[in-house]
Amino acid sequence: MTKKNPMSRALVRRETIAGYAFMLPSLIFFLGFVIYPMVQCVFTSFFDSTMNRDDIFIGLDNYKELFQDPIFRGALWNTVIIVVVSVPVVCIFSLWVSSVIYDLKGPVCSAFRCIFYLPVVTGSVAVTVVWKWMFNNYYGIFNYVGTKTGVLDQNINWLGDERFALGCIILILLTTSVGQPIVLYVSALNNVDQSLVEAAEVDGATKMQCFWKIKWPQIMPTTLYILVITTINSFQCFALIQLLTSGGPNHSTDTIMYYIYYNAFKLYRYGYGNAMGVVLAIIIAVLSAVQFKMAKSE
Amino acid sequence: MKYRKILAMALSCVMAFSLAACGSNSGGNADQKEDTNQTDDSKSDGDDAADDAADGEEEGGSSSGATDITLWTYPIGNWGDSATVEGLISNFSKAYPDINVTVEYLDYTNGDDQINTAIEGGKAPDLVMEGPERLVANWGAKGLMVDLSDLWTDEAKEAIYDSVESACQNNDGVFYEYPLCMTAHTMAINRDVFEAADALQYLDEEKGTWTTEGFQKAVEAVAASGQAQVGAVFCGGQGGDQGTRALINNLYGGTFTNPEHTEYTANSEENVKALELLKGMEGINFDASIQGGDEVNLFSNGTLAMAFCWNVSQEKNNAETITFDVLPMAFPTESGDPKLCGGIWGFGIFDNGDAAKIDAAKKFIDFMANDEAQVVESVKASSYWPVKDLGNIYEGDDLMTEYSKFIPFMGDYYQVVGGWAEARTAWWNMLQQIGTGTDVKTAVDEFVATANAAAAAAAN
């Protein structure tokens, strides 16, 4: 039996302490700004909480009200539509673009990545305001081009008509969501083991076969990450709604995030808003778990 | 390797200095807060004096016996402009050198949140400048404000207009606001377009009034002249919603609340009739993609021929964009007696439990609103009109004189009704419903039910 060196134990202890000390700032930040608000959110959801008066404990009443609230159900439905449409479209479109550009020459590939990434780095308010101009009922470019070319008989109130408003929101969301997945996919595709691809090509595999049998399994972790991130972003779609439609017309663009904001910061119903936040967090967690599970099984 | 280490060290230093720089700036929010009084002298006598001053501040005064108060003001004309407010407070400081006033400038997007957060944190300002819907109906109703009855002397009640006096108190007669200025929100038309459409015949240009029938005929004429969008009942949000409320209430003499301001009455026959009229009018559309501010822009750039969200500030602020003759108008009525929505702004005092601060705040209000040498300047800073007869304070200013004819049309100040925040939101949602085809009666009944439920909840 070898005797442990006391010096090395002290060294390990010192390194451990140093390690924790380095982690401490981010740990404090994480506890203070993530864990504490989460606990507070769950706690407050059991209270009738508003400004300038004491909170009243009401148990599960906020949750009961939630599922009887037609506007919340509508917001949930709209959120689901946004997720169901935007997540697959973002993933498929970004994978397609990446597949086309990843093996282009350096500057060309970089130029494409810049173009698609531009809406991501541009401020969301600026992007939204530009889209608002384009969709404008009176002088927007879509109406102008549509009426001039004869596609439209008359101007369409894109953001003020419940038939089109949600579609417009999804369209804008897509343009701001594809940048990051494209960059990630280009990087993942470049990391695919080329010797396997070349070997398969020598054996007579087609391009599609190479893609599905060799590249796709290797970029699966990236796909999973993109799926989860896009799903969470779609669920949390807020700025677009706030800046473009305020949930209208006639609640047709209300999302859960916007309805949380509306209840908490317009009506000062903090307890009710927090209850919605808890429900949203549970939905996102369940969906993410399912996505992980499915990806693992593949 | 060596160069990498040097580069890493250099970058670390840059980051550390950046953080230090951020830290040094965070101590004072120069854009937001300004101590507008001359307090440096009293705080420069060494550390002891500074410590004494700090102790004194906690009790509402400084070591030199001065009282420090804070004023938070919403952007009411130039009361949101630091240079103007500094001038006003400089006058106050000359009269009351023992009171230091610190000002914070709020905006309407975040102001309520800032004040509510301050209240929650026990750091509410001493003075706040806004209107009765906040001072009386919101913070006053919650017992957060000081009763200003001692400022409302018989002389003050005699001088201040009755409608204003009524708005500044709650139903129990407790005053939570001392008013300074007021305005009446109007609508406006593009006179050039109306003239070209021969529609000026349907209105009284001199008085700035028109009948409901005249309004219908004028809109028809303008629409027939080729102006596809004459006006828009904007309902994309609550911005400028007083315009749509005033339009609908005036057309057939409807009301928004009962006279006691305890119940919403927007589902009256008159209002339903007005909404149905608007819904069926060619040239008027219910537009859920714009709010009041957007409508003002569309009117100012000539896209719309009339604006329902208008007042003198809009004309001043958009003077560079407007290339036509703007004709401000009262809202059309059957009776010929329009009731305009107004704005009344003044001061309220948060009850922070410090008698010295409350007393100093009352002196500030009295000086700004009652001092003969000061009041005109205080009112002019708001770009609006006085709440009592001070003569024509805008002598020689044609624009202000033109708009002053609408002040007598000021109607009931119903914004003090309970559940106001919920009602405002329900209002534009109701207009959206009507715009998307919901039956008018069904939509207004739903609105009134929602708003009255909120009013009842607020009363409890």
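Residues numbered from 1 in each chain as written. Chains lettered and ligands numbered in written order. Predicted model: local features only at pLDDT ≥ 70, side-chain atom pairs only at ≥ 80, totals over all residues.

- You'll find chain A entered in an unreviewed UniProt entry as Sugar ABC transporter permease, with Petralouisia muris given as the organism.

### Re the overall build of chain B
Inference 1: Within chain B, the secondary structure is distributed over 18 helices and 12 strands.
Inference 2: Out of the 460 residues belonging to chain B, those deemed buried represent 47%.
Inference 3: Excluding contacts between residues fewer than 6 apart, the proportion of contacts in chain B whose partners are at least 24 apart in sequence is 76%. (Helix = DSSP H or I, 4+ residues; strand = E, 2+ residues; numbered from the N terminus. Buried ≥ 20, exposed ≤ 12 C-beta atoms within 10 Å, placed from the backbone. Contact = placed C-beta atoms within 7 Å.)

### Considerations on the overall build of chain A
Inference 1: Across its full length, chain A carries 14 helices and two strands.
Inference 2: Over its C-alpha atoms chain A spans a radius of gyration of 25 Å, topping by over 25% the 19 Å that the globule rule assigns to 298 residues.
Inference 3: If one aligns the C-alpha atoms of chain A with their principal axes, the spans along those axes are about 80 × 65 × 35 Å.
Inference 4: Looking at chain A as a whole, 29% of its 298 residues are labelled buried. (Rg over C-alpha atoms; globule rule 2.2 N^0.38 Å.)

### Digging into the interface of chain B and chain A
Inference 1: The partner chain A presents 16 residues to the 21 residues of chain B that form the contact.
Inference 2: When residues of the side of chain B that touches chain A are traced back to their parent elements, those giving at least two are helix H4 (111-120) and helix H17 (420-435) of chain B.
Inference 3: In terms of residues, the side of chain B that touches chain A owes the most to one element, H17(B), which gives six residues.
Inference 4: Broken down by class, the residue content of the side of chain B that touches chain A amounts to five nonpolar, 11 polar and five charged. (Nonpolar A, V, L, I, M, F, W, Y, C, P; charged D, E, K, R; others polar.)

### Focus: the environment of B:Val417
Residue and element names in this part refer to chain B.
Inference 1: Assignment of secondary structure puts Val417 in the loop between helix H16 (398-404) and H17.
Inference 2: When the 23 C-beta atoms within 10 Å are taken as the criterion, Val417 is described as buried.
Inference 3: For Val417, the residues in contact, after removing those within four places along its chain, are Ala137, Thr257, His261, Tyr264 and Ala455.

### Concerning helix H15 (residues 375-382) of chain B
Since the α-helix advances by 3.6 residues per turn, residues separated by three or four positions end up pointing in the same direction.
Residue and element names in this part refer to chain B.
Inference 1: Taken together, the buried positions of H15 are Val375, Ser378, Val379, Ala381 and Ser382. Burial along H15 is one-sided: seen end-on, the buried residues are contained in an arc of 155°.
Inference 2: For H15, the secondary structure elements touched by its buried residues are helix H3 (82-95), strand E5 (178-184), strand E11 (342-349), helix H14 (355-370) and strand E12 (385-386).
Inference 3: Of the residues flanking the end of H15, it is Ser383, one or two places downstream, whose phi is positive at about 65°. (Arc of directions from axis to C-beta.)

### Some words on the domain arrangement of chain B
Residues and elements named next belong to chain B.
Inference 1: Domain parsing of chain B yields domain 1 (63-183 + 343-409) and domain 2 (186-339 + 418-459).
Inference 2: On a C-alpha basis, the centres of domain 1 and domain 2 stand 29 Å from each other.
Inference 3: Contacts between domain 1 and domain 2 engage 14 residues on the former and 14 residues on the latter.
Inference 4: Listed by contribution, the elements that provide at least two residues to the side of domain 1 that touches domain 2 are helix H5 (132-140) and H16.
Inference 5: Take the side of domain 1 that touches domain 2: its biggest share by element is four residues, from H16.
Inference 6: Its residues assigned to classes, the side of domain 1 that touches domain 2 comprises seven nonpolar, four polar and three charged. (Domains from an automatic or database assignment.)

### Digging into unusual backbone geometry
Residue and element names in this part refer to chain A.
Inference 1: With an omega of -5°, the peptide bond between Gly248 and Pro249 qualifies as cis.
Inference 2: Here Pro249 lies in the loop between helix H12 (239-244) and helix H13 (256-266).
Inference 3: Look at Ser246: it is not a glycine, yet its phi comes out positive at around 50°.
Inference 4: One can find Ser246 in the loop between H12 and H13.
Inference 5: Judged by local crowding, Ser246 falls into the buried class, with 24 C-beta atoms found within 10 Å.

### Observations regarding the environment of A:Val125
Inference 1: Tracing the sequence through the fold places A:Val125 in helix H5 (residues 124-135).
Inference 2: In this structure the C-alpha to C-alpha distance between A:Val125 and A:Met257, which are 132 residues apart in sequence, comes to 17 Å.

### Some points on the nonpolar core
Inference 1: In this structure, B:Ala188, B:Val222, B:Ala307 and B:Phe364 are the most contacted members of the largest nonpolar core, which totals 135 residues.
Inference 2: Three or more residues apiece are contributed to this core by two domains, here domain 1 (63-183 + 343-409) and domain 2 (186-339 + 418-459) of chain B.
Inference 3: Listed in part, the 45 residues of the second largest apolar core include A:Phe72, A:Ile172, A:Ile256 and A:Leu280. (Core = buried A, V, L, I, M, F, W, Y, C linked by C-beta atoms within 7 Å.)

### A look at the sheet that holds strand E10 (residues 326-329) of chain B
Residues and elements named next belong to chain B.
Inference 1: Taking strand neighbours across the sheet as the criterion, the three strands line up as E9-E6-E10 in an open arrangement whose pairing is antiparallel. Only two strands of the sheet have a single partner each, and these edge strands are strand E9 (306-310) and E10. With strand direction ignored, the average angle separating the axes of adjacent strands in the sheet is 30°.
Inference 2: Pairing of strand E6 (residues 186-190) with E10, which is carried by four bridges, proceeds in the antiparallel orientation. For Ala188, the partnering residue across the bridge sits in E10 and is Pro328.
Inference 3: Taken strand by strand, helix H10 (residues 241-251) contacts E6 and E9, and its axis lies near 115° from that of E9.
Inference 4: Running over the sheet, helix H12 (residues 292-300) touches E6 and E9 and is turned about 140° from E9. (Pairing = 2+ DSSP bridges. Axes fitted to C-alpha atoms, helices over the stretch in contact; angles between N-to-C directions.)

### Points about H12(B)
Residue and element names in this part refer to chain B.
Inference 1: Burial runs high along H12: seven of the nine residues are buried.
Inference 2: Within H12, the full set of buried residues consists of Gly292, Asp294, Glu295, Val296, Leu298, Phe299 and Ser300.
Inference 3: Buried residues along H12 sit against E6, strand E7 (231-234), H10, E9 and helix H13 (312-317).
Inference 4: Residue Gly302 follows H12 closely and has a positive phi angle near 85°.

### Here we look at the packing of helix H4 (residues 106-121) of chain A against helix H8 (residues 179-190) of chain A
For any two helices packed against each other, the geometry is given by the interaxial angle and the distance between the axes.
Residue and element names in this part refer to chain A.
Inference 1: Closest axis-to-axis distance for the H4/H8 pair is 7 Å, and the angle between their directions is 150°. With respect to each other, H4 and H8 are oriented roughly antiparallel. Mapping the contact onto sequence places Cys109, Arg113, Phe116, Tyr117, Pro119 and Val120 in H4 and Gly179, Gln180, Ile182, Val183 and Val186 in H8.
Inference 2: The residue inventory of the contact of H4 with H8, partitioned by class, reads eight nonpolar, two polar and one charged. (Parallel < 35°, antiparallel > 145°, perpendicular 65-115°, else oblique.)

### Details of the confidence of the model for chain A
Inference 1: Looking at chain A as a whole, the pLDDT averages 89, with 97% of positions reaching at least 70.
Inference 2: Across chain A, the secondary-structure element scoring lowest on mean pLDDT is H4(A), at 83, and the one scoring highest is helix H2 (residues 61-68) of chain A, at 94. (pLDDT = per-residue confidence, 0-100.)

### Remarks on the packing of helix H3 (residues 70-101) of chain A against H8(A)
Residue and element names in this part refer to chain A.
Inference 1: Interhelical geometry of H3 versus H8 gives an angle of 50° and a closest axis separation of 8 Å. Put simply, H3 runs oblique to H8. Classified by chirality, the crossing of H8 by H3 is right-handed. Of the residues in H8, those in contact with Val90, Cys91, Ser94, Leu95, Val97, Ser98, Ser99 and Ile101 of H3 are Pro181, Ile182, Tyr185, Val186 and Leu189. (Left-handed = near helix turned anticlockwise from the far one by under 90°.)

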